[in-house]
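Structural features, examined
Letter by letter, the chains look like this.
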Amino acid sequence: NTKMFSFDGVENMMFGGFDDENLDKSINALIRRMMEKYEYLGCGRNRIVFALKSKNYVIKVPLNLAGNSDNSVEAKRGVDFGYPVAKAKRVIIDDFCCAVMEYVEHADRFDNELPDWTGFVDCGQVGFTKKGELVAYDFGYN
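**Thoughts on the overall build of the protein**
- When helices and strands are tallied, the protein shows two helices and 10 strands.
- Start at the N end of the protein and walk to the C end: the helices and strands fall as β-β-α-β-β-β-α-β-β-β-β-β.
- A sequence separation of at least 24 residues applies to 45% of the contacts in the protein between residues at least 6 apart.
- Carbon and sulfur atoms provide 48% of the accessible area of the protein, an area that totals close to 8,100 Å².

Given below as structure tokens:
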């Protein structure tokens, strides 16, 4: 069940959406508000990401049930992901589970100076926090 979403030139394939017309309308409205208020950083198959005004944090908004679940997992405290993951906090906005995460500056995962674990992170989504800690910035089971 694949859908296409498009906002102001940002296009992405969504897998499943929320399979509920009212929830799909609600998430579209939330994403429109976020696009007006924050800087768009990127979009995956399950979430769309915006930089908060301070540029110290990002907010990850789910595009579907999998994104909702990934946000919940990423923001859980005390979970051992097998490698360091950027700090995140769960926030509920309009009944959707979003994640506010510390901003991470992307690192080239093919850099020979990086530890081996970075090669196991999906799509090389690793980078450095403002404190210089190397972390993964995208973790989800979906």
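That shown, we press on.
**Section: unusual backbone geometry**
- Of note, lysine 55 is a non-glycine position whose phi angle comes to about 65°, a positive value.
- Residue position: lysine 55 is located in the loop between β4 (47-51) and β5 (57-62).
- At cysteine 123, a position not held by glycine, the phi torsion is positive, near 60°.
- Tracing the backbone through its elements, the reader meets cysteine 123 in the loop between β8 (105-106) and β9 (126-128).

**Observations concerning the environment of tyrosine 83**
- Relative to the helices and strands, tyrosine 83 is located in the loop between α2 (65-74) and β6 (88-93).
- As a C-alpha pair, tyrosine 83 and valine 121 span 38 residues in sequence and 8.8 Å in three-dimensional space.
- Dropping the residues within four chain positions of it, tyrosine 83 is found in contact with Trp117, Val121, Ala136 and Phe139.

**A short note on the layout of surface pockets**
- Of the pockets and cavities examined, the largest pocket occupies roughly 650 Å³.
- If you trace the largest pocket, you find 27 residues lining it, with Val49, Lys60, Gln125, Tyr137 and Asp138 closest to the centre.
- Class assignment for the residues of the lining of the largest pocket results in 13 nonpolar, seven polar and seven charged.
- Approximately 270 Å³ is the volume attributed to the second largest pocket.
- Together, 14 residues line the second largest pocket, and Asn56, Tyr57, Lys87, Glu102 and Tyr103 are the ones closest to its centre.
- For the lining of the second largest pocket, the secondary structure elements donating two or more residues are β6 and β7 (96-102).
- A per-element tally of the lining of the second largest pocket places β7 first, with three residues.

**Section: the state of the cysteines**
- Inspection of every chain in the model, using the stated rule, returns zero disulfides.
- The thiol of cysteine 97 is unpaired, and the distance to the nearest cysteine sulfur, on cysteine 98, comes to 6.9 Å.
- Given the relative accessible area of 5%, cysteine 97 is considered buried.

**Some points on helix α1 (residues 21-37)**
- With 17 residues, α1 extends 25 Å between its outermost C-alpha atoms, agreeing within 8% with the 24 Å of an ideal straight helix rising 1.5 Å per residue.
- Taken together, the buried positions of α1 are occupied by Asp24, Ile27, Leu30, Ile31, Met34 and Met35. Down the axis of α1, the buried side of the element spans an arc of 140°, and every buried residue falls inside it. Every exposed residue of α1 that faces more than 90 degrees away from the buried side is listed here: Glu21, Asn22, Lys25 and Glu36.

Each value, and the rule that gives it
- Residues numbered from 1 in each chain as written.
- Predicted model: local features only at pLDDT ≥ 70, side-chain atom pairs only at ≥ 80, totals over all residues.
- Heavy atoms only, no water.
- Helix = DSSP H or I, 4+ residues; strand = E, 2+ residues; numbered from the N terminus.
- Contact = heavy atoms within 4.5 Å.
- Areas by Shrake-Rupley, 256 points an atom, 1.4 Å probe, with all protein chains shown as cover.
- 1 Å grid on protein atoms, 1.4 Å probe; cavity = no way out; pocket = protein on both sides within 12 Å on 5 of 7 lines; lining within 4 Å.
- Points joined across faces, edges and corners; volume = space filled by probe spheres on them.
- Nonpolar A, V, L, I, M, F, W, Y, C, P; charged D, E, K, R; others polar.
- Disulfide = S-S within 2.5 Å.
- Buried < 20%, exposed > 50% of the residue type's maximum accessible area, 1.4 Å probe, protein only.
- Expected span 1.5 Å × (residues − 1).
- Arc of directions from axis to C-beta.

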